[in-house]
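What follows is each chain in one-letter form.
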Amino acid sequence: MSGRLMGPVLGAALAFTACGGALGADLPAPQPPAAVPALSGWTYRMTPYGWLTSLNGSQTVRGRTVDVNASFPRVVEATAGSGGTLVGLMLDLEARNGPVSLLADVVWTDLGIRRRGERTVTPEPGVVGTVGAAAEARLQMGIVEAGAAYEVARFGAVSLDALAGARYWNQQGKLSFDLAGTVDLGDVVVARGLAIAKSGSFSWLDGFIGGRARIAVAPGQEIQLRGDIGGGGSKGSWQALAAYSIEFANRNGVSYSGVLGYRALYVDYASGEGRRRYEFDMLQHGPVVGLNIRF
(Lines give C-alpha, C1' and ligand atoms only; values in the text may rest on other atoms or scores of the structure.)
Protein backbone atom coordinates (compact mmCIF):
# COMPACT_ATOMS: atom_id res chain seq x y z
CA MET A 1 0.00 0.00 0.00
CA SER A 2 1.37 3.37 -0.92
CA GLY A 3 2.21 5.94 1.72
CA ARG A 4 -0.48 8.28 0.37
CA LEU A 5 -3.19 5.63 1.12
CA MET A 6 -1.72 4.44 4.45
CA GLY A 7 -2.43 7.73 6.25
CA PRO A 8 -6.17 7.95 5.44
CA VAL A 9 -6.74 4.26 6.27
CA LEU A 10 -5.02 4.52 9.66
CA GLY A 11 -7.01 7.68 10.45
CA ALA A 12 -10.33 6.02 9.61
CA ALA A 13 -9.44 2.98 11.74
CA LEU A 14 -8.54 5.15 14.72
CA ALA A 15 -11.78 7.15 14.35
CA PHE A 16 -13.92 3.96 14.17
CA THR A 17 -12.23 2.55 17.25
CA ALA A 18 -12.82 5.73 19.23
CA CYS A 19 -16.45 5.90 18.16
CA GLY A 20 -17.04 2.23 19.07
CA GLY A 21 -15.48 2.75 22.49
CA ALA A 22 -17.76 5.73 23.15
CA LEU A 23 -20.84 3.78 22.11
CA GLY A 24 -19.75 0.84 24.27
CA ALA A 25 -19.37 3.15 27.22
CA ASP A 26 -22.99 4.33 26.77
CA LEU A 27 -24.50 0.78 26.82
CA PRO A 28 -25.55 -0.55 30.29
CA ALA A 29 -23.68 -3.52 31.66
CA PRO A 30 -25.59 -6.81 31.26
CA GLN A 31 -27.58 -7.69 34.41
CA PRO A 32 -27.72 -11.18 35.89
CA PRO A 33 -31.11 -12.91 35.46
CA ALA A 34 -33.57 -12.06 38.25
CA ALA A 35 -33.94 -14.78 40.85
CA VAL A 36 -37.33 -16.53 40.73
CA PRO A 37 -38.97 -16.31 44.17
CA ALA A 38 -39.43 -19.66 45.87
CA LEU A 39 -43.05 -20.78 45.99
CA SER A 40 -44.18 -21.63 49.51
CA GLY A 41 -46.25 -24.78 49.30
CA TRP A 42 -48.82 -26.38 51.52
CA THR A 43 -47.95 -28.92 54.17
CA TYR A 44 -50.52 -31.33 55.55
CA ARG A 45 -51.01 -33.09 58.87
CA MET A 46 -53.40 -35.95 59.57
CA THR A 47 -53.85 -37.19 63.15
CA PRO A 48 -56.04 -40.17 63.99
CA TYR A 49 -56.38 -40.23 67.78
CA GLY A 50 -58.16 -41.76 70.72
CA TRP A 51 -59.86 -39.62 73.37
CA LEU A 52 -60.26 -41.48 76.67
CA THR A 53 -63.33 -39.54 77.68
CA SER A 54 -64.74 -39.01 81.16
CA LEU A 55 -68.15 -37.33 81.60
CA ASN A 56 -69.26 -34.87 84.27
CA GLY A 57 -72.62 -33.11 84.01
CA SER A 58 -76.25 -33.91 83.32
CA GLN A 59 -78.40 -35.17 80.46
CA THR A 60 -82.14 -34.63 80.05
CA VAL A 61 -84.28 -36.77 77.73
CA ARG A 62 -88.04 -36.14 77.45
CA GLY A 63 -88.01 -34.13 80.65
CA ARG A 64 -86.23 -36.80 82.72
CA THR A 65 -82.76 -35.88 83.92
CA VAL A 66 -79.80 -37.88 85.16
CA ASP A 67 -76.60 -36.56 86.67
CA VAL A 68 -73.62 -38.27 85.10
CA ASN A 69 -70.27 -38.60 86.84
CA ALA A 70 -68.36 -41.29 84.98
CA SER A 71 -64.57 -41.48 84.72
CA PHE A 72 -63.07 -43.26 81.75
CA PRO A 73 -61.99 -46.30 83.83
CA ARG A 74 -65.59 -46.63 85.04
CA VAL A 75 -66.86 -46.38 81.48
CA VAL A 76 -64.47 -49.15 80.45
CA GLU A 77 -65.55 -51.24 83.43
CA ALA A 78 -69.19 -50.79 82.49
CA THR A 79 -68.38 -51.63 78.87
CA ALA A 80 -66.51 -54.80 79.71
CA GLY A 81 -68.62 -56.08 82.57
CA SER A 82 -72.13 -54.66 82.36
CA GLY A 83 -73.09 -54.61 78.72
CA GLY A 84 -72.37 -50.92 78.09
CA THR A 85 -70.90 -49.62 74.85
CA LEU A 86 -67.83 -47.58 74.04
CA VAL A 87 -67.10 -46.74 70.42
CA GLY A 88 -65.16 -43.73 69.20
CA LEU A 89 -63.70 -42.47 65.93
CA MET A 90 -61.56 -39.31 65.99
CA LEU A 91 -59.54 -37.54 63.30
CA ASP A 92 -57.78 -34.16 63.32
CA LEU A 93 -56.61 -32.46 60.09
CA GLU A 94 -54.53 -29.38 59.31
CA ALA A 95 -53.30 -27.80 56.04
CA ARG A 96 -50.68 -25.06 56.45
CA ASN A 97 -49.18 -22.52 54.06
CA GLY A 98 -46.92 -19.92 55.66
CA PRO A 99 -48.83 -18.21 58.48
CA VAL A 100 -52.22 -19.59 57.37
CA SER A 101 -53.71 -22.90 58.53
CA LEU A 102 -57.00 -24.60 57.72
CA LEU A 103 -58.26 -26.86 60.51
CA ALA A 104 -60.78 -29.68 60.82
CA ASP A 105 -61.63 -32.17 63.54
CA VAL A 106 -64.15 -35.04 63.57
CA VAL A 107 -65.41 -36.94 66.64
CA TRP A 108 -68.01 -39.72 66.66
CA THR A 109 -68.87 -41.66 69.81
CA ASP A 110 -71.44 -44.20 70.95
CA LEU A 111 -71.26 -44.29 74.73
CA GLY A 112 -73.34 -46.33 77.14
CA ILE A 113 -73.07 -46.44 80.94
CA ARG A 114 -75.02 -48.96 83.01
CA ARG A 115 -76.08 -48.54 86.65
CA ARG A 116 -72.99 -46.69 87.74
CA GLY A 117 -72.04 -43.05 87.48
CA GLU A 118 -75.53 -41.62 87.07
CA ARG A 119 -78.51 -40.79 89.29
CA THR A 120 -81.98 -39.44 88.63
CA VAL A 121 -82.98 -35.81 89.18
CA THR A 122 -86.45 -34.28 89.67
CA PRO A 123 -88.30 -34.28 86.30
CA GLU A 124 -89.03 -31.10 84.37
CA PRO A 125 -92.31 -29.26 85.04
CA GLY A 126 -95.13 -30.88 83.09
CA VAL A 127 -93.74 -34.41 83.42
CA VAL A 128 -96.07 -36.41 85.69
CA GLY A 129 -94.99 -39.27 87.93
CA THR A 130 -91.63 -40.59 88.99
CA VAL A 131 -89.16 -43.23 87.93
CA GLY A 132 -86.62 -45.18 89.90
CA ALA A 133 -82.86 -45.31 89.66
CA ALA A 134 -81.26 -44.78 86.27
CA ALA A 135 -80.36 -48.11 84.71
CA GLU A 136 -78.55 -46.81 81.62
CA ALA A 137 -77.55 -43.53 80.03
CA ARG A 138 -76.64 -43.81 76.37
CA LEU A 139 -75.37 -41.14 74.01
CA GLN A 140 -74.59 -41.15 70.32
CA MET A 141 -72.73 -38.00 69.34
CA GLY A 142 -71.01 -36.55 66.31
CA ILE A 143 -68.93 -33.35 66.35
CA VAL A 144 -67.48 -31.77 63.21
CA GLU A 145 -65.23 -28.75 63.63
CA ALA A 146 -63.86 -26.53 60.85
CA GLY A 147 -61.90 -23.30 61.06
CA ALA A 148 -58.76 -21.37 60.27
CA ALA A 149 -55.70 -20.13 62.14
CA TYR A 150 -53.33 -17.26 61.43
CA GLU A 151 -49.91 -16.79 62.98
CA VAL A 152 -49.96 -13.38 64.63
CA ALA A 153 -46.61 -13.43 66.43
CA ARG A 154 -43.42 -15.43 66.79
CA PHE A 155 -40.91 -15.23 69.63
CA GLY A 156 -38.00 -17.53 68.93
CA ALA A 157 -39.32 -21.07 69.29
CA VAL A 158 -42.84 -19.91 70.26
CA SER A 159 -45.52 -19.21 67.63
CA LEU A 160 -48.91 -17.70 68.49
CA ASP A 161 -51.98 -18.28 66.31
CA ALA A 162 -55.44 -16.71 66.34
CA LEU A 163 -58.29 -19.19 65.70
CA ALA A 164 -61.86 -18.88 64.43
CA GLY A 165 -64.38 -21.37 63.14
CA ALA A 166 -67.55 -23.34 63.80
CA ARG A 167 -68.43 -26.58 65.57
CA TYR A 168 -71.40 -28.70 64.44
CA TRP A 169 -73.04 -31.10 66.91
CA ASN A 170 -75.44 -33.98 66.39
CA GLN A 171 -76.76 -36.05 69.31
CA GLN A 172 -79.22 -38.77 70.18
CA GLY A 173 -79.81 -39.71 73.81
CA LYS A 174 -81.56 -42.56 75.57
CA LEU A 175 -82.23 -42.96 79.29
CA SER A 176 -83.48 -46.13 80.93
CA PHE A 177 -84.98 -46.22 84.45
CA ASP A 178 -86.20 -48.86 86.85
CA LEU A 179 -89.95 -48.54 87.27
CA ALA A 180 -91.01 -47.20 90.66
CA GLY A 181 -94.00 -45.35 92.06
CA THR A 182 -96.59 -43.88 89.74
CA VAL A 183 -95.19 -43.41 86.26
CA ASP A 184 -96.71 -41.49 83.38
CA LEU A 185 -95.93 -43.76 80.42
CA GLY A 186 -97.43 -41.53 77.75
CA ASP A 187 -94.06 -40.68 76.19
CA VAL A 188 -91.78 -43.56 77.24
CA VAL A 189 -91.42 -47.20 76.23
CA VAL A 190 -91.62 -50.03 78.77
CA ALA A 191 -89.39 -53.03 78.12
CA ARG A 192 -87.88 -55.62 80.47
CA GLY A 193 -89.16 -53.75 83.52
CA LEU A 194 -87.53 -50.47 82.42
CA ALA A 195 -88.99 -47.14 81.35
CA ILE A 196 -87.02 -46.03 78.27
CA ALA A 197 -86.99 -42.39 77.12
CA LYS A 198 -85.50 -41.67 73.68
CA SER A 199 -84.65 -38.17 72.54
CA GLY A 200 -84.62 -38.39 68.78
CA SER A 201 -81.92 -36.43 66.94
CA PHE A 202 -80.79 -32.91 67.89
CA SER A 203 -78.34 -30.78 65.89
CA TRP A 204 -76.88 -27.32 66.39
CA LEU A 205 -74.01 -25.10 65.26
CA ASP A 206 -71.68 -23.08 67.50
CA GLY A 207 -69.16 -20.50 66.32
CA PHE A 208 -65.90 -20.19 68.26
CA ILE A 209 -62.84 -17.98 68.60
CA GLY A 210 -59.61 -18.78 70.38
CA GLY A 211 -55.84 -18.99 70.32
CA ARG A 212 -53.05 -21.49 70.00
CA ALA A 213 -49.40 -21.59 71.04
CA ARG A 214 -46.92 -23.88 69.30
CA ILE A 215 -43.63 -24.35 71.14
CA ALA A 216 -40.68 -26.10 69.46
CA VAL A 217 -38.87 -27.57 72.47
CA ALA A 218 -36.32 -29.54 70.37
CA PRO A 219 -35.88 -30.75 66.78
CA GLY A 220 -38.90 -32.92 65.99
CA GLN A 221 -40.60 -32.12 69.31
CA GLU A 222 -43.45 -29.67 69.86
CA ILE A 223 -45.84 -28.63 72.62
CA GLN A 224 -49.22 -27.28 71.55
CA LEU A 225 -51.59 -25.34 73.80
CA ARG A 226 -55.05 -24.39 72.54
CA GLY A 227 -58.17 -22.77 73.95
CA ASP A 228 -61.44 -21.47 72.50
CA ILE A 229 -64.89 -20.29 73.56
CA GLY A 230 -68.08 -20.36 71.54
CA GLY A 231 -71.83 -20.39 71.33
CA GLY A 232 -74.77 -19.79 69.06
CA GLY A 233 -76.87 -22.92 68.89
CA SER A 234 -75.92 -23.77 72.47
CA LYS A 235 -75.97 -21.62 75.59
CA GLY A 236 -72.19 -21.73 75.56
CA SER A 237 -69.17 -23.95 75.03
CA TRP A 238 -65.42 -23.96 75.59
CA GLN A 239 -62.47 -26.18 74.80
CA ALA A 240 -58.92 -26.58 76.13
CA LEU A 241 -56.12 -28.79 74.80
CA ALA A 242 -52.51 -29.45 75.78
CA ALA A 243 -50.49 -31.88 73.67
CA TYR A 244 -46.88 -32.97 73.20
CA SER A 245 -45.62 -34.58 69.98
CA ILE A 246 -42.28 -36.23 69.21
CA GLU A 247 -41.12 -37.38 65.78
CA PHE A 248 -39.93 -40.98 65.63
CA ALA A 249 -39.60 -41.62 61.87
CA ASN A 250 -39.20 -39.72 58.58
CA ARG A 251 -39.45 -41.63 55.32
CA ASN A 252 -39.85 -40.36 51.75
CA GLY A 253 -40.75 -36.88 52.91
CA VAL A 254 -43.39 -38.10 55.36
CA SER A 255 -42.80 -37.65 59.10
CA TYR A 256 -44.45 -39.67 61.86
CA SER A 257 -44.89 -38.39 65.41
CA GLY A 258 -46.48 -39.79 68.53
CA VAL A 259 -48.92 -37.48 70.35
CA LEU A 260 -49.89 -37.47 74.01
CA GLY A 261 -52.10 -34.83 75.61
CA TYR A 262 -55.25 -33.89 77.50
CA ARG A 263 -58.46 -32.43 76.08
CA ALA A 264 -61.51 -30.90 77.73
CA LEU A 265 -64.69 -29.89 75.89
CA TYR A 266 -67.76 -28.39 77.57
CA VAL A 267 -71.17 -27.54 76.11
CA ASP A 268 -74.57 -26.58 77.51
CA TYR A 269 -77.37 -27.15 75.00
CA ALA A 270 -81.12 -27.20 75.67
CA SER A 271 -84.23 -27.53 73.51
CA GLY A 272 -87.96 -27.78 74.23
CA GLU A 273 -89.97 -27.81 77.44
CA GLY A 274 -91.76 -30.42 79.54
CA ARG A 275 -92.01 -33.79 77.79
CA ARG A 276 -90.06 -32.41 74.82
CA ARG A 277 -87.17 -31.18 76.92
CA TYR A 278 -83.69 -32.26 75.79
CA GLU A 279 -80.60 -30.90 77.50
CA PHE A 280 -76.93 -31.79 77.42
CA ASP A 281 -74.93 -29.90 80.03
CA MET A 282 -71.67 -31.82 80.04
CA LEU A 283 -67.91 -31.61 80.42
CA GLN A 284 -66.09 -34.26 78.41
CA HIS A 285 -62.43 -34.58 79.29
CA GLY A 286 -59.58 -37.05 79.29
CA PRO A 287 -56.19 -38.07 77.85
CA VAL A 288 -55.58 -37.97 74.10
CA VAL A 289 -53.28 -40.46 72.34
CA GLY A 290 -52.64 -40.12 68.61
CA LEU A 291 -50.33 -40.38 65.60
CA ASN A 292 -49.28 -37.32 63.56
CA ILE A 293 -48.65 -38.00 59.86
CA ARG A 294 -47.14 -34.93 58.20
CA PHE A 295 -46.31 -34.49 54.51
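Scope of this entry: the structure provided in the associated data block.

Turning our attention to the overall build of the chain. Broken down by element type, the chain carries two helices and 14 strands. For the chain, the residues scored as buried account for 38% of the 295 residues in total. Restricting to contacts in the chain with at least 6 residues of sequence separation, those with at least 24 account for 66%. Accessible surface computed for the chain: about 15600 Å², of which carbon and sulfur atoms make up 64%.

As a further point, take the pattern of salt bridges. Scanning all chains against the criterion turns up 18 salt bridges. The residue Arg214 makes a salt bridge to Asp161 at a minimum N-O spacing of 2.9 Å. Remark: Asp161 occurs in strand 8 (residues 158-178) and Arg214 occurs in strand 10 (residues 194-218); sequence separation between them is 53 residues. Each of the two residues, Arg214 as well as Asp161, counts as buried. Connected through salt bridges with shared partners, the residues Arg45, Asp92, Glu94, Arg96, Glu151, Arg154, Asp161, Arg212 and Arg214 form a single ionic network.

Looking at where Arg212 falls in the secondary structure, it is placed in strand 10. When its relative accessible area of 5% is taken as the criterion, Arg212 is described as buried. Of the polar contacts made by the side chain of Arg212, one reaches the side chain of Glu94; its length is 3.2 Å. Those residues in contact with Arg212, other than ones at most four positions away along the chain, are Glu94, Arg96, Ser101, Leu103, Ala149, Ser159, Leu160, Asp161, Leu163, Gln224, Leu225 and Arg226.

Along the chain, Leu291 turns up in strand 14 (residues 278-294). Sequence spacing of Leu291 and Tyr256 is 35 residues, and the spatial spacing of their C-alpha atoms is 7.0 Å. The contacts of Leu291, once residues within four sequence positions are left out, are Met46, Thr47, Pro48, Phe248, Tyr256 and Ser257.

The next thing to look at is the environment of Ala218. Position of Ala218 relative to the elements: it lies in strand 10. For Ala218, a relative accessible area of 27% puts it in the partly exposed group. Spatially, the C-alpha atoms of Ala218 and Ile246 are 9.0 Å apart, while their sequence positions differ by 28 residues.

Parameters and conventions
Residues numbered from 1 in each chain as written. Predicted model: local features only at pLDDT ≥ 70, side-chain atom pairs only at ≥ 80, totals over all residues. Heavy atoms only, no water. Helix = DSSP H or I, 4+ residues; strand = E, 2+ residues; numbered from the N terminus. Buried < 20%, exposed > 50% of the residue type's maximum accessible area, 1.4 Å probe, protein only. Contact = heavy atoms within 4.5 Å. Areas by Shrake-Rupley, 256 points an atom, 1.4 Å probe, with all protein chains shown as cover. Salt bridge = Lys/Arg side-chain N within 4 Å of Asp/Glu carboxyl O. Polar contact = N/O pair within 3.5 Å; in protein donor to acceptor, adjacent residues only side chain to side chain.

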